[in-house]
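Chain by chain, the residues run as shown.
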Amino acid sequence: MIEGNSRSITSNQLGVHDDLDKVVKKHLSSDFKKPYAPHSLSGFEQIKMRVSAFLLSNPKGTIILDSCCGVGESTYHLAVNNPDALVIGIDKSEHRIEKYEHHHQQKIDNFILIRGDLNDLWRLIAEADWPISHHYILYPNPWPKSKHLQRRWHGAPVFKYIPQLSEKLTVRSNWPIYIEEFTQALTHMNVKAEISDYKRDTAMTPFERKYWASGQKSTELNVTFNNLKS
């Protein structure tokens with residue numbers, strides 16, 4: 001039985017950050033030249049080989065990207081529910097990636113788990129221009145302190161690459177302000193997202209399971225990018 005022991009997010013920020021628009025505009029108008037980390041380049045080469053083999057045998061196949069995948073439970077569920085797609089799970093923590101346990105009933109092989117810095121891999125993947133149908137960012141670190149705005153994905157320089165990655169995007173968080181900010185940030189790229197409460201009978205990630213058991217709600221953002229994926 002899952003105990004509800006996950007504490008709600010506390011923050012000194014009561015609404016959308018006052019500096020959000022300024023930060024997003026700054027990043028959209030400047031180049032992001034952070035050097036790629038060696039382990040990110042290595043991880044990208046692993047992904048590239050898997051994607052090439054997949055597309056060679058499935059010319060019309062699609063790819064699903066699962067960012068911040070943690071131990072890979074969400075990656076597994078996405079792979080089960082999309083048997084004709086290749087699902088790529090990425091997390092910055094080698095410990096979490098290695099923690100993935102093959103204890104699921106269905107043995108499947110249409111997914112890959114990779115350790116990597118998304119600040120690097122999102123740029124590399126955007127340049128590769130793979131046929132990614134859907135991108136999931138499920139429960140990223142919210143960095144709830146007001147001074148950490150630029151550590152949130154929508155406040156980071158790499159944010160502008162997200163619309164170039166996939167046809168659709170889904171983001172979930174147990175902190176509604178995170179979703180509200182992400183939505184507002186997207187408007188600076190002329191993208192309108194839909195926000196809704198999210199709840200299903202079965203959780204997709206360990207965090208989601210803990211949040212729901214603790215009585216916390218999930219807020220979801222969904223968007224379809226039109227002509228932004230290049």
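Attention in this report is confined to the structure presented alongside it. (Residues numbered from 1 in each chain as written. Predicted model: local features only at pLDDT ≥ 70, side-chain atom pairs only at ≥ 80, totals over all residues. Heavy atoms only, no water.)

What to know about the pairing of strand β3 (residues 111-115)
Thought 1: Burial analysis of β3 places 4 of its 5 residues in the buried class, the great majority of the element.
Thought 2: The pairing of strand β2 (residues 85-91) with β3 spans 5 bridges and is parallel. Bridge pairing links Gly89 to Leu113 in β3. (Buried < 20%, exposed > 50% of the residue type's maximum accessible area, 1.4 Å probe, protein only. Helix = DSSP H or I, 4+ residues; strand = E, 2+ residues; numbered from the N terminus. Pairing = 2+ DSSP bridges.)

Some thoughts on the sheet that holds strand β5 (residues 168-173)
Thought 1: Spatial strand order, β3-β2-β1-β4-β5-β7-β6: 7 strands in an open sheet with mixed pairing. With partners counted over all chains shown, the strands left at the sheet margins are β3 and β6 (194-198), one partner each. Strand-to-strand twist across the sheet, computed as the mean angle between neighbouring axes with direction ignored, equals 20 degrees. (Axes fitted to C-alpha atoms, helices over the stretch in contact; angles between N-to-C directions.)

A look at the pairing of strand β7 (residues 218-224)
Thought 1: For β7, a buried count of 5 out of 7 residues is recorded, marking the element as mostly surrounded by other parts of the structure.
Thought 2: As paired elements, β5 and β7 share 6 bridges and run antiparallel to each other. Residue pairing in the sheet places Arg172 in a bridge with Glu220 of β7.
Thought 3: In terms of strand pairing, β6 meets β7 through 5 bridges, oriented antiparallel.

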